[in-house]
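# Survey of secondary and tertiary structure
Listed here are the chains, written in short residue letters.
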Amino acid sequence: MNISPFFRNLRSAYQSEMDDLTFDSDGRDVLRQRLADKRKQMDFLVQMMELSPEMVAVVFHQGFAFRQPALMEHLLSHEADEFPEWSSLSSGIDLAPWTGDLVQVILQSPKGEWFLTLAAGLHYMMSRPDAAWGAQGASDESDHEDDDAAQDADDYQDEFDDHESDELRGDARTRAEAGAEWLTDQGFDRKD
């Protein structure tokens, strides 16, 4: 399958948005509550559909069921300005009953159909168990970047494999001890 760079990039932004919504600062799962709050703000969120679609698409979390996977996989190969019409996709998608009002608000926007197409594509990608989604379609350029990073790490390691490395470790230890002493002077307990 061929996934366009647009969807590959947007997938990571969408995943980050979902991660941000899932847990509060105490580690409690608050996804349902936060999604319910976002859904109440649809009139405002519509303004963000083009600029930050991943922040709006999350409102449809678990709202799509896909009956024609081939249709969705074809969608994922398109860039943002090449999307098929929403009407050509919607026949292969079942929308949860609770999405009706959200869809109506979105469709009132000039870019509403475009956004629904995008949201369906994102949700299809996220619903797939394939671990290859993130790596699939990665260019040879990223493979070369990985090779370059590995070579840089080897070069870095070679620089410190000589007699100076013991001296550098001693300097680091001295700096760590000085830092610990400064923290103690500031009223913090010493870490042993």
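So, here is what we can say about the structure in this document. The shown structure was predicted, so the numbers you read here are calculated from the model rather than taken from an experiment.

## Some points on the packing of helix α1 (residues 5-22) against helix α8 (residues 112-127)
Between α1 and α8, the shortest axis-to-axis distance is 10 Å and the interhelical angle comes to 75°. If you check the angle between α1 and α8, you find them roughly perpendicular. Counted together, Phe6, Phe7, Leu10, Arg11, Tyr14 and Gln15 of α1 and Trp114, Leu118, Gly121, Leu122, His123, Met125 and Met126 of α8 form the full contact between these two elements.

## Points about helix α7 (residues 100-107)
An α-helical segment advances 3.6 residues per turn. Residues three or four places apart therefore align on the same side. For α7, every residue scored as buried is listed here: Leu102, Val103 and Ile106. Down the axis of α7, the sector holding all buried residues measures 100°, keeping them to one side. Residues of α7 that are buried make contact with α2 (31-40), α3 (42-45), β2 (93-95) and α8.

## Points about the nonpolar core
Ranked by size, the top nonpolar core spans 39 residues in total, and within it Met42, Phe60, Phe64, Met72, Ile93 and Phe115 carry the most contacts. Once you skip the residues sitting within four places of it in the chain, Met72 turns out to touch Phe66, Leu89, Ile93, Ala120, Gly121 and Tyr124.

## Comments concerning a nonpolar patch on the surface
Together, Trp182, Leu183 and Phe188 give the surface a local cluster of nonpolar side chains, amounting to about 350 Å² of exposed area. Positionally, Trp182 belongs in helix α11 (residues 164-185).

## Section: the packing of α1 against α2
Interhelical geometry of α1 versus α2 gives an angle of 110° and a closest axis separation of 8 Å. Looking at the two axes, α1 sits roughly perpendicular to α2. On α2, the residues that touch Glu17, Met18, Asp20, Leu21 and Thr22 of α1 are Leu31, Arg34, Leu35 and Lys38. A class-by-class count of the residues in the contact of α1 with α2 yields 4 nonpolar, 1 polar and 4 charged.

## Thoughts on unusual backbone geometry
Positive phi, normally seen in glycine, also occurs at Gln62, with a value near 65°. Mapped onto the elements, Gln62 comes out in the loop between α4 (53-57) and β1 (64-66).

Parameters at a glance
- Residues numbered from 1 in each chain as written.
- Predicted model: local features only at pLDDT ≥ 70, side-chain atom pairs only at ≥ 80, totals over all residues.
- Heavy atoms only, no water.
- Axes fitted to C-alpha atoms, helices over the stretch in contact; angles between N-to-C directions.
- Helix = DSSP H or I, 4+ residues; strand = E, 2+ residues; numbered from the N terminus.
- Parallel < 35°, antiparallel > 145°, perpendicular 65-115°, else oblique.
- Contact = heavy atoms within 4.5 Å.
- Buried < 20%, exposed > 50% of the residue type's maximum accessible area, 1.4 Å probe, protein only.
- Arc of directions from axis to C-beta.
- Core = buried A, V, L, I, M, F, W, Y, C linked by side-chain atoms within 4.5 Å.
- Patch = residues over 30% accessible without salt bridge, like charges linked within 9 Å, V, L, I, M, F, W, Y side chains within 5 Å.
- Areas by Shrake-Rupley, 256 points an atom, 1.4 Å probe, with all protein chains shown as cover.
- Salt bridge = Lys/Arg side-chain N within 4 Å of Asp/Glu carboxyl O.
- Nonpolar A, V, L, I, M, F, W, Y, C, P; charged D, E, K, R; others polar.

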